[in-house]
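These are the residues of each chain, in order.
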Amino acid sequence: MKSLSLPIALLLSFYSHSQCWENVFAGDATSFGIQTDGTLWAWGVNDFGEIGNGTTVDQLLPVQITYDTDWVSVCEGFAHTITIKSNGTMWVWGMNYFGQLGIGSTEEIHTPIQLGTDSDWRFAATGFGYTVAIKNDNTLWAWGNNLGNLGDGTQTDRYAPIQVGIDNNWETIACGQAHTIAIKQDNTLWGWGFNDAGQLGNGTNADTTLPEQIGQDTDWDTVATGYSHTLALKTDGTLWAWGLNNNGQLGDGTFVNRNNPVQIGTDSDWRQIVCGMYNSTALKSDGTVWEWGNVRNPETGMMEYYTTPVNLQEGEWEKIAKGYHYALGIKSDNTIWGWGHNGYGNLGIGSTEEMLWPTQVLCPPPLSVTDQTKENFVIYPNPAKQTITIKNPGQGIADEISVLDISGKVALKVFHTDQINIENLQSGIYLVKIASGNSSQIEKLIKI
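Residues numbered from 1 in each chain as written. Predicted model: local features only at pLDDT ≥ 70, side-chain atom pairs only at ≥ 80, totals over all residues. Heavy atoms only, no water.

## Structural notes on the environment of Ile-397
Then, in step 1: By the secondary structure assignment, Ile-397 is in the loop between strand 30 (387-391) and strand 31 (400-404).
Then, in step 2: Note on Ile-397: relative accessible area 43%, which makes it partly exposed.
Then, in step 3: Residues Ile-397 and Gln-419, 22 residues apart in the sequence, show an inter-C-alpha distance of 9.3 Å.
Then, in step 4: Setting aside its immediate chain neighbours within four residues, Ile-397 contacts Phe-377, His-416, Thr-417 and Asp-418. (Helix = DSSP H or I, 4+ residues; strand = E, 2+ residues; numbered from the N terminus. Buried < 20%, exposed > 50% of the residue type's maximum accessible area, 1.4 Å probe, protein only. Contact = heavy atoms within 4.5 Å.)

Here's what the structure looks like:
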């Protein structure tokens, strides 16, 4: 048996490699990245545990969220995080004041917990205190804060997922402050919720609590929402916008609100769209990034109002993500870069310094326990709240069990037992060192 060297040093390893990122996501001021190995990382503001590392401390550099390597998507509303794994399960954490985590209560959660037992979630989107999601059967589900934006015909908050209607042809969705826009598989466009600025695009300013079709066009492809404005791409690559336009965030050359979709320019080479609160960003097929609305000019450092799309950032980009007043982009070489507001460390560069030009987010090495031969001790339940059991059917009880926090400090130590009371531990991620004879192993433990 190979002796174990406790891998705490891995937690403090220097950020040496950089071309490791597969995908990038941004919330209000919290950022997420998925590495090419499927691990999930987060940084930025963490007031309500929305990062998911068991604390409420802001993170200036990416921190790994669990050891799992099967994360595929992330969305973060105002301080609540919704994720989907490759097996179709949904995991949630963060603020839960309105029931936006869908766990049947309003309990705030600081580490990932699974939402129910369903394993058929395909897509999710988050707004201000609410979540909307699509299952593999293309049915639509919603929960959380409800001002009509859940689409269930009421304004009643929902603490657990409820199905929206009976249709089973939903393709994609986007959530704003209190309005929801969706596209069906027939490429029709639908909206519901608040509409005070015309953000539903149905030609009125009347709110609605049920999905209503927007126009008659059947060529909608992609949709994105800001605070109270909406962007969409059609299948021909043209860009359209409507809703609140007080900062020029629609990009139509005016500051006039629009309650019907208006085409932005004449270009037909738009590839991706994302929205901030009062600004917008889009990616063209040639990899250039365009911004408009209330945006900081990198040449002057001043916030300016751009009423039409401008190419302010150089480079060729594969994907972009948008927060409140910052942006993240991923290039074809699997590097992430960030620019804009950084008051909470949301750019992930190790400081809170605002960046006018793209600055690279380096890759921390993943936590690993592969330099050991495991003895098949298992911990259950995990995640756990009060008591855990640690057993090996072949060897029975371990000689010594140590529970360490992520700094390497021993939080608990017991001898010759198979049960540990962890009720007094703070929520978070721990390493459990299990020693038996001349060998030992390490397992992760999530305390909820």
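## Quick look at the nonpolar core
Then, in step 1: Ranked by internal contacts, the top residues of the largest apolar core, which has 26 residues, are Leu-40, Met-90 and Trp-93.
Then, in step 2: Of all the elements in the fold, those that place two or more residues in this core are strand 2 (30-35), strand 3 (40-44), strand 5 (71-76), strand 6 (80-85), strand 7 (90-94), strand 8 (109-114), strand 9 (121-127) and strand 11 (140-144).
Then, in step 3: With four residues, strand 7 is the largest single contributor of residues to this core.
Then, in step 4: Residues Leu-239, Ile-264, Ala-282 and Val-310 belong to the second largest nonpolar core, which totals 16 residues. (Core = buried A, V, L, I, M, F, W, Y, C linked by side-chain atoms within 4.5 Å.)

## Re the sheet that holds strand 19 (residues 239-243)
Then, in step 1: Strand order across the open sheet formed by four strands is 17-18-19-20, with antiparallel pairing between neighbours. Edge positions in the sheet fall to strand 17 (220-225) and strand 20 (258-263), since each of these pairs with one other strand and no more. Looking at each pair of strands side by side, their axes are set apart by 20° on average, direction ignored.
Then, in step 2: Note that strand 18 (residues 229-234) and strand 19 share five bridges and pair antiparallel. Counterpart to Ala-232 in the pairing with strand 19 is Trp-240. (Pairing = 2+ DSSP bridges. Axes fitted to C-alpha atoms, helices over the stretch in contact; angles between N-to-C directions.)

## What to know about the pairing of strand 5
Then, in step 1: Bridging between strand 5 and strand 6 involves five bridges; their strand directions are antiparallel. For Val-74, the partnering residue across the bridge sits in strand 6 and is Thr-83.
Then, in step 2: Counted between consecutive antiparallel strands, the loop separating strand 5 from strand 6 contains three residues, among which Ala-79 sits at a positive phi close to 75°.

From the geometry alone we can't say anything about function, so treat these as descriptive.
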